[in-house]
There are 2 protein chains.
Amino acid sequence: MKTDTPNNHQPDMPEEINGLRMTRQRQEVYRLLTRERTHPTANEVFMRIKEALPNVSLATVYNCLEALVQHNVIRQVNFDREPSRYCSNLDEHGHFHDEKTGKIHDVKFKSGVSLADVLDLPPNTVIKDVEITLRGQLSAS
Amino acid sequence: MKTDTPNNHQPDMPEEINGLRMTRQRQEVYRLLTRERTHPTANEVFMRIKEALPNVSLATVYNCLEALVQHNVIRQVNFDREPSRYCSNLDEHGHFHDEKTGKIHDVKFKSGVSLADVLDLPPNTVIKDVEITLRGQLSAS
DNA sequence: GATTGGATCAAGAACTATTCTAATTATTTC
DNA sequence: GAAATAATTAGAATAGTTCTTGATCCAATC
Ligand SMILES: [Mn+2]
Ligand SMILES: [Mn+2]
Ligand SMILES: [Zn+2]
Ligand SMILES: [Zn+2]
């Protein structure tokens, strides 16, 4: 009776996402990020993923995260110089960092508004990526 | 005849800014950032400031930058995990990173628009700081 | 003008998130 | 199933930044 965790592909996960082969390790990293939407750091992913993959290494977690980011399966989120965090929400959104709780909340853009409405951009500017980060508190009304 | 550069206060700079004593080193760091608005890194500040202060150390540059940031005399700007950059523009503004030239441009907010107009913020949210970063190209029309 | 205490500075060590290297293992291709 | 390719692992290396410690500066007091 073998009780160890094999590197087998799980049935409830596609073989590939965006052209990236979903190995067992990548599956588990991705699964964790979709389950826990708390924007964990690489180290937090590493610690929590040991349950499913006891022999995984931190280097592999970094490798998986990088591969998933590169193939637009997840997003990397940075706050100042803090450790990078990772997010499985692919909708365009910003991040609100609640200083009280330390939690990070996804913030949607209102529909129908464009950045050009808000920012004084130089003419002929092609924006490829936008990052909006907010810091503050969710005041108890 | 002494030709070395003493740590004397320069006459064209106030003794204090926002309660921070403007030592010779802090003056030169601040002067550089107001003169060159290219958002240099700590290392770039270090290399360029040697002209005025040949004996300055990188640690002192970091100390000066941190003191100036802490006292809201300059702002620290981060792009992903690249080295921090520093900005003497205190107006609320975002940063557009031109991928073609590598240059960073300040981007003003249009007057009269608030973030609440654009973002779907949770109710009772007190925003203390906003960071907007754009990445793209200034297309030659 | 000397003394003194706190602030600042300099040099290098230490730290930490991340990346790299090299060896092993897994998967795909032939 | 052998060979080629890709992924994983453990640990070393890297780089930006911070810390530590001793020297220096400086403003206030004697
Ligand atoms: Mn991390
Ligand atoms: Mn820097
Ligand atoms: Zn998110
Ligand atoms: Zn700026």
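Before any of the text, the structure's been laid out above.
Treat the numbers as computed from the prediction; the structure is a model and nothing was measured.

### A look at the coordination of the zinc ion (ligand 3)
Residues and elements named next belong to chain A.
Reasoning step 1: Those protein atoms acting as donors to the zinc ion (ligand 3) are His39 (NE2), Cys87 (SG), His93 (NE2), His95 (NE2) and Asp106 (OD), and they sit at 2.1 to 2.3 Å.
Reasoning step 2: Each donor residue of the zinc ion (ligand 3) lies on one chain, and together they are spaced H-x47-C-x5-H-x1-H-x10-D. Neither residue differs from the other here; His93 and His95 are each classed as buried.

### Here's the deal with the protein's contact with DNA strand D
Reasoning step 1: Taken together, 16 residues form the shell around DNA strand D, and within it Thr23, Gln25 and Thr60 of chain A together with Tyr62 and Ser84 of chain B come nearest.
Reasoning step 2: When the atoms of DNA strand D within 4 Å of the protein are sorted by group, sugar and phosphate make up 80%.
Reasoning step 3: Interatomic distance of 2.5 Å between a side-chain N/O atom of Tyr62 of chain B and a phosphate oxygen of DNA strand D.
Reasoning step 4: Elements that contribute at least two residues to the surface near DNA strand D include exactly helix 1 (24–35) and helix 3 (58–70) of chain A.
Reasoning step 5: Counted by class, the surface near DNA strand D contains four nonpolar, eight polar and four charged residues.

### Digging into the relation of the copies chain A and chain B
Reasoning step 1: Least-squares fitting of chain A to chain B yields an RMSD of 0.1 Å, with the transformation described by 0.0 Å of translation along the axis and a rotation of 180°. The superposition operator between the copies reduces to a two-fold rotation axis. Residues of chain A ranked by C-alpha distance from the rotation axis are headed by Ile132 of chain A, positioned 2.4 Å from it.
Reasoning step 2: When the interface residues of chain A are mapped onto chain B, 100% of them again fall at the interface, so both copies present the same face.

Cut-offs used in this document
- Along each chain, residues carry numbers from 1 onward, in the same order as the chain's sequence is written.
- Chains carry letters from A onward and ligands carry numbers from 1 onward, assigned in written order.
- Only residues with pLDDT of 70 or above have their local features reported here, since the model is predicted, and side-chain atom pairs are shown and tallied only from 80 upward, although totals for entire chains, interfaces and linings are computed over all residues.
- Just so you know, side-chain values use all the structure's heavy atoms and leave hydrogens and water out.
- Metal-coordinating donors are taken as N, O and S atoms lying within 2.8 Å of the metal, or within 3.2 Å when the metal is Na, K or Ca; because water is left out, some sites can appear incomplete.
- Residue exposure (1.4 Å probe, protein chains only): buried if accessible area is under 20% of the type maximum, exposed if over 50%, otherwise partly exposed.
- Neighbouring residues are identified by heavy atoms, a residue being near a molecule or strand if any of them is within 4 Å of it.
- By the criterion applied in these results, polar contacts are pairs of N or O atoms within 3.5 Å in which, for protein atoms, one can donate a hydrogen and the other can accept it, and in which residues neighboring in sequence qualify only through two side-chain atoms.
- Runs of E in the DSSP output that reach at least two residues are strands. Runs of H or I that reach at least four are helices, and both are numbered from the N terminus.
- Any residue that is not Ala, Val, Leu, Ile, Met, Phe, Trp, Tyr, Cys, Pro, Asp, Glu, Lys or Arg is counted as polar, Gly included; the first ten are nonpolar and the last four charged.
- Residues reaching a pLDDT of at least 70 in both copies supply the C-alpha atoms on which the copies are superposed by least squares.
- Here a residue-residue contact requires only that any non-hydrogen atoms of the pair lie within 4.5 Å.

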